[in-house]
Amino acid sequence: MTTRLSLSIPQAPIFLAKAVRLRRLGIVVILYSLLAKLVLNILICLLVTGFFSINLGGISLIGIIIGILVLFVSEIFKYGALLQEEHDSTL
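Residues numbered from 1 in each chain as written. Predicted model: local features only at pLDDT ≥ 70, side-chain atom pairs only at ≥ 80, totals over all residues. Heavy atoms only, no water.

Novice: What is the right way to read the overall build of the chain from this model?
Specialist: A tally of helices and strands in the chain yields 2 helices and 0 strands. In the chain, 78% of the contacts between residues at least 6 apart in sequence involve partners at least 24 apart. (Helix = DSSP H or I, 4+ residues; strand = E, 2+ residues; numbered from the N terminus. Contact = heavy atoms within 4.5 Å.)

Below, the structure is given as structure tokens:
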């Protein structure tokens with residue numbers, strides 16, 4: 001019994017699926033960075049203190065930057081899938 005080690009580049013649909021997942025991850029990271037502390041502050045203000053005030057100091061700038069970087073990487077994966085598809089169609 002022999003095993004073969006394949007060093008070929010993954011096919012375009014795999015790249016495309018990863019690009020879609022990375023895009024979703026980037027959007028979730030950005031939304032979490034924007035909304036997590038805001039929703040928590042609103043709930044605490046309404047349920048505990050009884051009056052409503054919003055503190056926007058809880059927005060995570062690092063989380064937003066990481067989300068944007070993940071979105072950039074997903075676009076790179078999408079472009080790589082397009083290039084791989086074009087390369088496969090020319091052969």
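Novice: Got a minute to help me understand helix α2 (residues 61-90) in this structure?
Specialist: Owing to its 3.6 residues per turn, the α-helix brings residues three or four apart onto one side. For α2, spanning 30 residues, the distance from its first C-alpha to its last is 44 Å, which sits close to the expected 44 Å at 1.5 Å a residue. Taken as a whole, α2 has its buried residues at Gly63, Ile64, Gly67, Val70, Leu71, Ser74, Ala81 and Gln84. (Expected span 1.5 Å × (residues − 1). Buried < 20%, exposed > 50% of the residue type's maximum accessible area, 1.4 Å probe, protein only.)

Novice: Where do I start with a nonpolar patch on the surface in this structure?
Specialist: Together, Ile27, Leu31, Leu34, Leu35, Val39, Leu40, Leu43, Ile44, Leu46, Leu47, Val48 and Ile59 make up a nonpolar patch on the protein surface, roughly 1,100 Å² of accessible area in all. Counting through the fold element by element, Ile27 comes out in helix α1 (residues 12-49). The class of Ile27 is partly exposed, set by a relative accessible area of 37%. (Patch = residues over 30% accessible without salt bridge, like charges linked within 9 Å, V, L, I, M, F, W, Y side chains within 5 Å. Areas by Shrake-Rupley, 256 points an atom, 1.4 Å probe, with all protein chains shown as cover. Salt bridge = Lys/Arg side-chain N within 4 Å of Asp/Glu carboxyl O.)

Novice: Explain the side chain of Ser74 here, please?
Specialist: Mapped onto the elements of the fold, Ser74 is located in helix α2. Among the polar contacts made by the side chain of Ser74, one reaches the main-chain carbonyl oxygen of Leu71 at a distance of 2.7 Å. Beyond its immediate sequence surroundings of up to four residues, Ser74 is in contact with Ala19, Leu22 and Arg23. (Polar contact = N/O pair within 3.5 Å; in protein donor to acceptor, adjacent residues only side chain to side chain.)

Novice: How should the environment of Ile59 be read in this particular structure?
Specialist: Examined against the element boundaries, Ile59 turns out to sit in the loop between α1 and α2. Using a relative accessible area of 39% as the deciding quantity, one classes Ile59 as partly exposed. Sequence spacing of Ile59 and Leu34 is 25 residues, and the spatial spacing of their C-alpha atoms is 5.2 Å. Contacts of Ile59, omitting those with residues within four sequence positions, involve Ser33, Leu34 and Ile64.

Novice: Would you take a moment to explain the environment of Arg23 for this structure?
Specialist: Counting through the fold element by element, Arg23 comes out in helix α1. C-alpha separation for the pair Arg23 and Phe72, spaced 49 residues apart in sequence, amounts to 8.5 Å.

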